[in-house]
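Observations on chain architecture
Spelled out from the first residue to the last, the chains are:
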Amino acid sequence: MIKKKWMSSLLAAALAFTTVFGAGVTVKAADETDADQTGKITVYVAAEGADDEGHTVDIGKIAVQVDKGTKGDVAVEQALQKAGYTDYLIEDTGYGANLNKIGDIANAADWSKYWGFYINGAYAPASLGNTTLQDNDKISYLYTYYGDTAVQAKVFDDDASLNPDSDKTASLLANAKAQQEVLADTIFKKVFGDGQTVYGIETPDALYVAFSLLRADYKSDYFDKMYANVESQLKSLADTGSVTVEGEAKDEAVIAGKYPELTYAKIVLFVTAMGKDARNVGGYNLIEKMAQKSTYEASSEAYMLDSTMLLALDSGNYFPPAGDDYITKDDLVNNIAAKMDDSIAQALQWNSVDSVAMALQPLYKYATDDILPEDASSDRTAVQEAYAKGIHFLESTQNADGSWSGYGTETNNVWTLAQIMTAMGQLRINPCSETDGTDFIKNGMTVLDDAAVFVDVENKKVDDDLMSYQPEQLLRGLTAVIRAMEGRDSLYDVRYSGVTPEPSPSVTPSVVPSEAPSAAPSQSPTVSPSNVPSETSSAAPSQSPAVSPSNVPSQTPAASAPAKTATPAATVSAAPAKSKDKVTKVKAVKTKVTVKKGKKAVVKWNVTTAKKASAASVAKLVKVSVNKKNVKVMKKSAKTKKAKVTQITVTVKGVKKGNAVVTLKADKKKSKVKVVVR
């Protein structure tokens, strides 16, 4: 791996934790322990090799979360089991535990070939069992021989010489801005196009869509009408404790919904983006209401609650009122930092990094030198460690083509991509540069390359799947990275849009109803037409300003990864496949693969396109089918082999003995592989 460049001043302070908390192996005696080994770390394990008898092992990058102080053999064993291997041998031959066999491939009796242990791109200085792991360590096991020059698994390869130059960067930025314009216009027409319905506080998701459009510099007089309605409604709440919606008086608890913090946060963001002060909207103090501990506790099960509140508070440099009845910014920041290990665990459980990207979004100024004294966290060291840990996790889970996997077999989930782009913009990370010490370009591929497949600028069309559920997520992602590239205020930092910064944390509360909203009303009112994103009734990622993909809209964070549900939306024509994505050839690497019953094997095809195309865009054209049930498709991945060649790898499992045919179809081309289950 080619080493990346030096860090800039702001990110360097936080990412200096790389030295302390990651990217370095520590060699210790087996009985030696660290003084401070609380908390978790994440390491990445890959193995590859082939013996003379035709047996192969190809274990891609497997992320495992273990306790601090864990030895290498524990993490490797977890990774092997996670990859579906049960036939392996880790043994101590007197020099500490080592891995000597994976599947059918074992160390040769004469050691002419053996499983070599490498860590972070170098031969390990000690045995696996005597290596104390650090966060972000990359472990490679290669079936190697004396004189072999390989020092890491191919999945860790990253050629930084392919990073975008100034011309490519300018081109990517120009295309991102064109995408932003097309996407914003399509979203506005879908949600607000008729102009007849003026949304208000009873539809906070519509207000959040408006925030997304405003921050993308989309212009419309309609937003003034929305603000006038919101101001009138909040004045009614301040004066009478109720508001009339469609002729029916509704109290504040019903309007706020099951998770009132999320409702108030979205209203705050909209009001602030309009250049207004959320502490006085028609005499109603949204900041005081949002900061009440009773409101916070009523929303305690809401997904990404702390990040949501912090983004809203910092949008206008607002401070909660002083006193025991109010949550503080310190509370929110320290909660986010303390839960970073949990966010990573959830990401690994759901096979999607959204939870980590969303947790990072409000942390920039609290973990770097760009911080005001009144914003300083009471435990800044812990915040910096969590910050660095989260960034390293996003960098290390990125695929070789610049994409991230999401919810099963998807290799470029648009909602996951949107959350990562939003995080990068919030953290002031330029997606086309690594001079700040970050590593978000893989083999020349950036998040802007991956985003390009979802918006057809030339034909002004947006991907159908994206338009079916919260397309404003990608709009926020594009806006965030565009602002970072142009050196503008970040997506959620609206202070310079007309809001007067808070002079001091001690604020005199304005008139607001004394009673706290009910913790759990039966449901939020649904007065908007179906084209407006609807408020869900459970602790769901879709409720947070750092809103999560459609794959997780209806279950609590503790649940396993749920299936995608789409909000009814206006029909948008699918973006036609670009000429560069036209498939000219599909060829199987091997036309016959043998697998033992209950075991897994990989089947590979090379897909050739007429012009250079990203692996993510080719993967969208691919469909895999099996003609019999004795073979099950487990997962699919894609990586760029050459400029016009993408390799599709499909992992299959032998369910019962017999033969089956696995067919890969891309565009109008297809290729078949015979799978024999023994």
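These remarks concern the structure in this document. No experiment lies behind these values; they were computed from the predicted model shown. (Residues numbered from 1 in each chain as written. Predicted model: local features only at pLDDT ≥ 70, side-chain atom pairs only at ≥ 80, totals over all residues. Heavy atoms only, no water.)

Mapped onto the secondary structure, Gln179 falls in helix α4 (residues 166–192). Given a relative accessible area of 1%, Gln179 falls into the buried group. Side-chain polar atoms of Gln179 contact the backbone oxygen of Ala451, separated by 2.9 Å. Look past the residues within four positions of Gln179 in its chain and what remains in contact with it is Ala451, Ala452, Val455, Val457 and Leu478. (Helix = DSSP H or I, 4+ residues; strand = E, 2+ residues; numbered from the N terminus. Buried < 20%, exposed > 50% of the residue type's maximum accessible area, 1.4 Å probe, protein only. Polar contact = N/O pair within 3.5 Å; in protein donor to acceptor, adjacent residues only side chain to side chain. Contact = heavy atoms within 4.5 Å.)

The next thing to look at is the pattern of salt bridges. Applying the stated criterion across every chain yields a total of 25 salt bridges. The salt bridge partner of Lys329 is Asp314, with a shortest N-O separation of 2.7 Å. One end of the pair, Lys329, is in helix α12 (residues 329–338); the other, Asp314, is in helix α11 (residues 305–315), with 15 residues separating them in the sequence. Neither Lys329 nor Asp314 differs from the other in exposure class; each is buried. Across the salt bridge formed by Lys442 and Asp439, the nearest N and O atoms sit 3.7 Å from each other. Ionic contacts of the salt-bridge type, sharing partners, join the residues Lys177, Arg215, Asp217, Arg483, Glu486, Arg488 and Asp489 into one network. (Salt bridge = Lys/Arg side-chain N within 4 Å of Asp/Glu carboxyl O.)

The sheet built from four strands is open, its strands ordered β16-β22-β21-β18 with mixed pairing. Each edge of the open sheet is held by one strand with a lone partner, namely β16 (592–595) and β18 (622–626). Between one strand and the next, the sheet's axes are offset by a mean angle of 25°, whatever the strand orientation. Bridging between β16 and strand β22 (residues 669–677) involves four bridges; their strand directions are parallel. Following the sheet pairing, Lys592 is matched in β22 by Lys674. (Pairing = 2+ DSSP bridges. Axes fitted to C-alpha atoms, helices over the stretch in contact; angles between N-to-C directions.)

Relative orientation of the contacting elements helix α13 (residues 340–350) and helix α16 (residues 380–397) amounts to 15°, with a least axis distance of 10 Å. Judged on the interaxial angle alone, α16 and α13 are roughly parallel. Considering only the axes of α13 and α16, their crossing is left-handed. Only Ala386, Lys389, Gly390 and Phe393 of α16 make contact with α13, whose side of the interface consists of Met340, Asp341, Ile344, Ala347 and Leu348. In terms of residue class, the contact of α13 with α16 is made up of six nonpolar, one polar and two charged. (Parallel < 35°, antiparallel > 145°, perpendicular 65-115°, else oblique. Left-handed = near helix turned anticlockwise from the far one by under 90°. Nonpolar A, V, L, I, M, F, W, Y, C, P; charged D, E, K, R; others polar.)

Another point: the nonpolar core. Ranked by internal contacts, the top residues of the largest apolar core, which has 128 residues, are Leu183, Phe192, Leu213, Phe223, Phe270, Leu286 and Leu474. Per-element tally for this core: the top contributor is α4, with ten residues. (Core = buried A, V, L, I, M, F, W, Y, C linked by side-chain atoms within 4.5 Å.)

With that settled, consider the packing of helix α6 (residues 222–240) against helix α8 (residues 260–273). When two helices pack together, their arrangement is given by the angle between the helix axes and the distance between those axes. Here α6 crosses α8 at 125°, and the two axes come no closer than 11 Å. Between α6 and α8, the angle falls in the class oblique. In terms of crossing hand, the pair formed by α6 and α8 is left-handed. Across the interface between the two elements, Phe223, Met226, Tyr227, Val230 and Leu234 from α6 touch Ile267, Phe270 and Val271 from α8. Looking at the contact of α6 with α8, its residues break down into eight nonpolar, no polar and no charged.

A word on the packing of aromatic side chains. Here the structure, examined in full by the defined rule, presents 17 aromatic pairs. Taking 5.9 Å as the distance between ring centres and 85° as the angle between the ring planes, the aromatic pair formed by Phe188 and Phe223 counts as edge-to-face. A residue pair is termed long-range when its members are at least 10 positions apart, and Phe188 in helix α4 and Phe223 in helix α6 qualify at 35 residues. Here Phe188 matches Phe223 in class, with each residue buried. When the centroid spacing of 5.1 Å and the interplanar angle of 35° are considered together, the rings of Phe192 and Tyr222 count as tilted. Of the two residues, Phe192 sits in helix α4 while Tyr222 sits in helix α6, which places them 30 residues apart along the sequence. Residue classification places Phe192 among the buried residues on the basis of a relative accessible area of 1%. Through a chain of ring-to-ring contacts, the aromatic side chains of Phe188, Phe192, Tyr199, Tyr218, Tyr222 and Phe223 assemble into a single cluster. Here the basic side chain of Lys329 rests over the ring of Phe319, its NZ or CZ set 4.2 Å away from the ring centre. (Phe/Tyr/Trp six-rings, centres within 6.5 Å; stacked < 30°, edge-to-face > 60°. Lys NZ or Arg CZ within 6 Å of the ring centre and 35° of its normal.)

Strand residues, when the strand is regular, have side chains that alternate between the two faces of the sheet. Where burial is concerned, most of strand β7 (residues 114–119) is hidden: six out of the six residues are buried. Pairing of β7 with strand β10 (residues 138–144) involves six bridges; the strand directions are antiparallel. Within β10, the position partnered with Tyr118 by the bridge is Ser140. Pairing between β7 and strand β8 (residues 122–123): two bridges, direction antiparallel. What sits directly across from Ile119, in β8, is Ala122. Taken together, β7 and the strand that follows it, β8, pair antiparallel across an intervening segment of two residues, in which Asn120 is found at a positive phi of about 55°.

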